[in-house]
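Spelled out from the first residue to the last, the chains are:
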Number of protein chains: 2
Amino acid sequence: MRLPGLIDVHVHMREPGGEHKEDWASGTAAALAGGFTAVLAMPNTRPPVVDEESFVQARAAARARARCDHAQYVGATSDNASALAPLAEQAAGLKIYLDPSYGPLRVDRLGPLHQHFAAWPGGRPIAVHAEGAAVATAVGLAAATGRPLHLCHVSRREEIALVRAAKERGLPVTCEVTPHNLFLSERDARAIGRGLCEVRPPLATPADCAALWDNLDVIDCFATDHAPHTYAEKTGAQPPPGFPGLETALPLLLNAVREGRLGLEDLVARLHHNPRRIFGLPLPPDTFVDVDLAAAVELGSEPLQTRAGWTPFAGLKVRGRVRRVVVRGREAFRDGEILALPGSGRDLRDAAASRG
Amino acid sequence: MRLPGLIDVHVHMREPGGEHKEDWASGTAAALAGGFTAVLAMPNTRPPVVDEESFVQARAAARARARCDHAQYVGATSDNASALAPLAEQAAGLKIYLDPSYGPLRVDRLGPLHQHFAAWPGGRPIAVHAEGAAVATAVGLAAATGRPLHLCHVSRREEIALVRAAKERGLPVTCEVTPHNLFLSERDARAIGRGLCEVRPPLATPADCAALWDNLDVIDCFATDHAPHTYAEKTGAQPPPGFPGLETALPLLLNAVREGRLGLEDLVARLHHNPRRIFGLPLPPDTFVDVDLAAAVELGSEPLQTRAGWTPFAGLKVRGRVRRVVVRGREAFRDGEILALPGSGRDLRDAAASRG
């Protein structure tokens, strides 16, 4: 079974400042092993990507070491709205953390929020980490400014209900849902383990999980929120929030297709067509993923490419395996082996990225 | 100078549960003395107006004792959305406290907020106490549900900027501003006195105050948020937030007209025409207010009708005095004397209210 190259619109590469967790070479190896040929990287690195200098450095690191295609978000602070607007054309999008997550980035006051929505050019999405009522806050800002809003990792029943209402009113809103919010709930936290189960937004209730499945039609993207931390960090005294997800997403979703919970077209729409449309991404020629729908996989039983080295889905038995990934006519992954070299990926905001 | 009967869309009558601060007889005497012929009463009484029983009792109290026309808001709780919707036609509107204020009413979680916006019929405004980012939250809920949103006591620069943006995008948003936010800032707090200066939203900066004046064109209503507490309470150990305002609003605004900060048409639009349009209020026949624009007044120097008995504007010298108020052809106030009897006011949601 051949799929187009999949796109993960929400990953954390941890470079710079957290290379022991992940860097562009290891993170994009995980992407290819998971069937993703492009990733959009979040700005909460150390230091974060919040101005031209850090943006140039982040893109240079990606160009030097990424094995798949990529683009870089810029991150909002309380005073950088005017500095980010000129970077919009070269950025994956603008990321605003309305709620706390990993790293220092957060903007929750009305003035700076409105400044960001007003200053950011309309052609690129404003992606937000917003939970609960903050989802309505972001919708209000988008509605009042006409900017395209992309809601990251929607996880709760009331959040997806508001997304539905906003879409029915024609508001410029899209959203993504993570595989861990589709396949795990707070009931799984104990089995995953203390510390390891920490993630933002937190694992939700089974009812929340069911609501996501019930509202698949308003979910535009599946995105992993691949947020690698080492096993030692996750089991330490102050476990940072986040799950690695690039290598488990496609097997989990293919298994859901096999179980009839999801159509293959639904999967491809949310991992390829909608990400391209929402983020305005080019279609690289001769780029595809060959998958084996019947192959049995026990997640976490084989070595992972991510430097995080663990998965919250460990022990889960699914069917669906990535066999081969081809990017612009070149084999990038085959049968467990990473073939693409660091630096072979392209920045999807470079004009040349759509050419072979 | 003759004005139409003025309407205050935001007052607290304190009945039941706080009659030592104000009741319908004293509060509507203050209204008439201030040139208001109708008031819309907030639901945060003790007990609050949050279901059919308390709504029926509140309206009965108003009918029995109000000296001017009136209507009663119902108040949102985390679980009464479906109970309030059937009361909409008979209510002034729905009030939701997204931020804390006086009394126990508050709803700040997305689920109940969305339930209220979705369940409330579209013909009556949803009035919200929302500060800062919560203004965007309310705008988002209104935009996602198509419900008319009325933002109470907008007080900060970034709030009025968002109101402007929302209106420019055609969203169903209106707003009110209080005289105390137009004429007082945090710089006046010391002169008003500790405890006495407590109000929600708090007195803002001079820059916020200037921003309100600079954005008069997007301010739909002037509303007092008349929130009477006794002098003893305000100067006690736990001063409750709120200012009385019914008897000082018109002199302050007429003085601003005299000073050229405001047109008389602007004043009448925000105290009569816009309140009627937004809240769908009838026009009682032969109802008007005669004012003397030249009469000098030192605010707080004469006895007040409000049981609160004090004003934060004490000592301010302005020009503008209410001489006579006529409601449906009957003199209700003349030269300092209240003539209207308790019970002479009408509930503006009764079909008969628009008749003579």
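Our subject is the structure listed above.
Only a predicted model underlies this, so the values are computations on that prediction, with no experimental measurement involved. (Residues numbered from 1 in each chain as written. Chains lettered and ligands numbered in written order. Predicted model: local features only at pLDDT ≥ 70, side-chain atom pairs only at ≥ 80, totals over all residues. Heavy atoms only, no water.)

### Quick look at the environment of R330 of chain A
Residue and element names in this part refer to chain A.
Right, on to step 1. With respect to the helices and strands, the residue R330 is situated in strand β13 (residues 330-334).
Right, on to step 2. On the basis of relative accessible area, R330 is assigned to the exposed category, the value being 67%.
Right, on to step 3. A C-alpha to C-alpha distance of 43 Å links R330 and L162, two positions 168 residues apart in sequence. (Helix = DSSP H or I, 4+ residues; strand = E, 2+ residues; numbered from the N terminus. Buried < 20%, exposed > 50% of the residue type's maximum accessible area, 1.4 Å probe, protein only.)

### Describing the sheet that holds strand β1 (residues 2-4) of chain A
Strand-to-strand pairing in sheets goes through backbone hydrogen bonds, with the strands running parallel or antiparallel.
Residues and elements named next belong to chain A.
Right, on to step 1. In space, the five strands of this open sheet follow the order β1-β11-β12-β13-β14, with antiparallel pairing throughout. With partners counted over all chains shown, the strands left at the sheet margins are β1 and β14 (337-338), one partner each.
Right, on to step 2. Taken together, the three bridges between β1 and strand β11 (residues 288-298) define a ladder with antiparallel strand orientation. By the bridge assignment for β11, P4 is matched with F288.
Right, on to step 3. Where helix α1 (residues 24-33) meets the sheet, it contacts β12 (317-327), β13 and β14, and its direction lies at approximately 110° from that of β12. (Pairing = 2+ DSSP bridges. Contact = heavy atoms within 4.5 Å. Axes fitted to C-alpha atoms, helices over the stretch in contact; angles between N-to-C directions.)

### Topic: the packing of aromatic side chains
Right, on to step 1. One pass over the full model with this rule turns up six aromatic pairs over all chains.
Right, on to step 2. Ring plane angle 85° and centroid distance 6.1 Å describe the contact between Y73 of chain A and F279 of chain A, whose orientation is recorded as edge-to-face. Pair noted here: Y73 of chain A is in the loop between β4 (69-72) and β5 (74-75) and F279 of chain A is in helix α12 (residues 264-279), with a separation of 206 residues, a long-range link. Assigned by exposure class, Y73 of chain A and F279 of chain A land together as buried.
Right, on to step 3. When the ring of F243 of chain B is compared with that of W310 of chain B, the centres are 6.2 Å apart and the planes differ by 90°; the resulting orientation is edge-to-face. Of this pair, F243 of chain B sits in the loop between α10 (231-234) and α11 (249-258) while W310 of chain B sits in the loop between β11 (288-298) and β12 (317-327), placing them 67 residues apart in sequence.
Right, on to step 4. Assessed through its relative accessible area of 1%, F243 of chain B is described here as buried.
Right, on to step 5. Residue classification places W310 of chain B among the buried residues on the basis of a relative accessible area of 7%. (Phe/Tyr/Trp six-rings, centres within 6.5 Å; stacked < 30°, edge-to-face > 60°.)

### Observations regarding the interface of chain A and chain B
Right, on to step 1. Taken together, the contact pairs 24 residues of chain A with 24 residues of chain B.
Right, on to step 2. Summed over both sides, the interface between chain A and chain B buries roughly 1800 Å², with carbon and sulfur atoms accounting for 74% of that surface.
Right, on to step 3. For the chain A face of the interface with chain B, the top three residues by lost area are L110, A144 and R169 of chain A, together amounting to 30%.
Right, on to step 4. If you look at where chain A meets chain B, you find zero salt bridges.
Right, on to step 5. Inspection of the region where chain A meets chain B yields three residue pairs in polar contact (both at pLDDT 80 or more).
Right, on to step 6. At the level of elements, α4 (110-119), α5 (133-145) and α6 (157-168) of chain A are the ones that each hand at least two residues to the side of chain A that touches chain B.
Right, on to step 7. Considering each element in turn, the side of chain A that touches chain B owes the most residues, ten residues, to α5 of chain A. (Buried area = accessible area lost by both parts, 1.4 Å probe. Salt bridge = Lys/Arg side-chain N within 4 Å of Asp/Glu carboxyl O. Polar contact = N/O pair within 3.5 Å; in protein donor to acceptor, adjacent residues only side chain to side chain.)

### Concerning the sheet that holds strand β9 (residues 173-177) of chain A
Residues and elements named next belong to chain A.
Right, on to step 1. The six strands are arranged β5-β6-β7-β8-β9-β10 in an open sheet whose pairing can be described as parallel. Each edge of the open sheet is held by one strand with a lone partner, namely β5 and β10 (221-222).
Right, on to step 2. Pairing geometry for strand β7 (residues 126-129) and strand β8 (residues 149-151), over three bridges, is parallel. Across the sheet, the residue bridging to V128 is L151, located in β8.

### Side note on the relation of the copies chain A and chain B
Right, on to step 1. Note on the copies: chain A fits chain B at an RMSD of 0.0 Å, the axial shift is 0.0 Å, and the rotation between them is 180°. Such a turn and shift between the copies fits a two-fold axis.
Right, on to step 2. Most of the interface of chain A is mirrored in chain B, where 100% of its interface residues are also at the interface. (Least-squares fit on C-alpha atoms with pLDDT ≥ 70 in both.)

### With respect to the side chain of S26 of chain A
Residue and element names in this part refer to chain A.
Right, on to step 1. Examined against the element boundaries, S26 turns out to sit in helix α1.
Right, on to step 2. A distance of 2.6 Å separates polar atoms of two side chains, one belonging to S26 and the other to E22.
Right, on to step 3. Excluding anything up to four places from it in sequence, S26 contacts Q305, T306 and R307.

### Here we look at the packing of helix α5 (residues 133-145) of chain B against helix α6 (residues 157-168) of chain B
Residues and elements named next belong to chain B.
Right, on to step 1. Two elements in contact, α5 and α6, have axes separated by 9 Å at closest approach and are oriented at 20°. Overall, the two elements α5 and α6 adopt an arrangement that is roughly parallel. Note that α5 runs across α6; the crossing there is right-handed. Contact residues: V135, A136 and V139 in α5; E159, L162 and A166 in α6. (Parallel < 35°, antiparallel > 145°, perpendicular 65-115°, else oblique. Left-handed = near helix turned anticlockwise from the far one by under 90°.)

### Section: the pattern of salt bridges
Right, on to step 1. Per the counting criterion, the structure on display carries 50 salt bridges over all chains.
Right, on to step 2. Ionic pairing is found between D350 of chain B and R59 of chain B, a salt bridge with its closest N-O pair at 3.3 Å. Of this pair, D350 of chain B sits in the segment after β14 (337-338) while R59 of chain B is found in helix α2 (residues 52-65), placing the two residues 291 residues apart along the sequence.
Right, on to step 3. Notably, a salt bridge pairs R164 of chain B with E168 of chain B, separated by 3.7 Å at the nearest N-O pair. One end of the pair is R164 of chain B and the other is E168 of chain B, both in helix α6 and four residues apart, which spans about a single turn.
Right, on to step 4. On the basis of relative accessible area, R164 of chain B is assigned to the partly exposed category, the value being 23%.
Right, on to step 5. Shared partners join several salt bridges into a network, and the residues in it are R2, D290, R324, E331 and R334 of chain A.

### Some words on the packing of α11 of chain B against helix α12 (residues 264-279) of chain B
All names here are of chain B.
Right, on to step 1. The geometry of α11 relative to α12 is characterised by a closest axis approach of 9 Å and an angle of 150° between their N-to-C directions. Between α11 and α12, the angle falls in the class roughly antiparallel. The segment α11 lies against α12, with L250, L253, L254 and V257 engaging L264, L267 and L271.
Right, on to step 2. For the contact of α11 with α12, the per-class residue count stands at seven nonpolar, no polar and no charged. (Nonpolar A, V, L, I, M, F, W, Y, C, P; charged D, E, K, R; others polar.)

So, to be careful, I would describe these as geometric facts and stop short of saying anything about function.
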